[in-house]
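# Structural overview
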Amino acid sequence: MGRAGSRIIIDAFNLFHRWGPTRDAFLADGDIGRTVTRALARFLPLLRRLPGAHTLVLDGGVRAVSERRGGATVRYAGPGRKADAVILDMVRESPRPHDVRVVTTDRALGGGARALGAQPQTVEDFLDELSALPDPEPGNPLKDARPSEEEVRRYLSIFGDGSDIGGDGSDR
């Protein structure tokens, strides 16, 4: 799995829809820009655990743009372009596609990456790999993704405290 010097290209929306700390936000928040910003802020520090170059590719954006954030490259596909196409172009343009890992749970994208010589990896396997690495900071958000007080208030406002179904909100 993790190899020094490997390039990791991540299908970012695919990852964010499956990773616990960001999954619920994508389902509940109507402001995709704010949700992506928060997801990147929570996820990018985890990538520092892995050696090599990391690129998160996202669908959309007002224009195709790449920016450095938190030690990784965040690349927006641009209007009318899918992240999958950008990822496959990146693999095609790589001088050593066999050193490229494409993190996605999208079977078509994974198959296309494999056909170009890259190594597809599921989001779940990638998250397992990250969670097994030593945590340079206290608290591992992959293993211990406890909601913030703000998240708890938001969840309670959405789901209630259980009193309407005879519960008292405790964990008995």
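Cut-offs and rules
- Residues numbered from 1 in each chain as written.
- Predicted model: local features only at pLDDT ≥ 70, side-chain atom pairs only at ≥ 80, totals over all residues.
- Heavy atoms only, no water.
- Helix = DSSP H or I, 4+ residues; strand = E, 2+ residues; numbered from the N terminus.
- Polar contact = N/O pair within 3.5 Å; in protein donor to acceptor, adjacent residues only side chain to side chain.
- Contact = heavy atoms within 4.5 Å.
- pLDDT = per-residue confidence, 0-100.
- Axes fitted to C-alpha atoms, helices over the stretch in contact; angles between N-to-C directions.
- Parallel < 35°, antiparallel > 145°, perpendicular 65-115°, else oblique.
- Left-handed = near helix turned anticlockwise from the far one by under 90°.

What follows covers the side chain of Thr104. Mapping Thr104 onto the fold places it in the loop between β5 (100-103) and α5 (107-115). Of the polar contacts made by the side chain of Thr104, one reaches the side chain of Asp11; its length is 3.0 Å. Here the side chain of Thr104 touches Asp106 through a polar contact of 3.0 Å, landing on its backbone nitrogen. For Thr104, the contacting residues outside a window of four places in its chain are Asp11, Asn14, Leu109, Gly110, Gln121, Thr122 and Val123.

Attention now moves to the confidence of the model for the protein. Should the pLDDT be low somewhere, the predicted coordinates at that spot are not to be read in detail. Confidence in the prediction of the protein, expressed as mean pLDDT, is 78, and 70% of residues score 70 or more. When pLDDT is averaged over each element of the protein, helix α4 (residues 83-93) comes out on top at 97 and helix α7 (residues 149-159) at the bottom at 57. Residue range residues 1-5 is modelled with pLDDT below 50. Its contacts to residues more than four positions away, or to other chains, number 12 contacts. Across residues 162-172, confidence stays below pLDDT 50; counting only partners more than four residues off in sequence or on other chains, it has three contacts.

Put simply, α4 and α5 touch, their axes get as near as 10 Å, and they point 15 degrees apart. Here α5 runs roughly parallel to α4, going by the angle between their axes. For the element pair α4 and α5, the recorded crossing hand is right-handed. The residues of α5 that touch α4, namely those facing Asp84, Ile87, Leu88 and Val91, are Leu109, Gly112 and Ala113.

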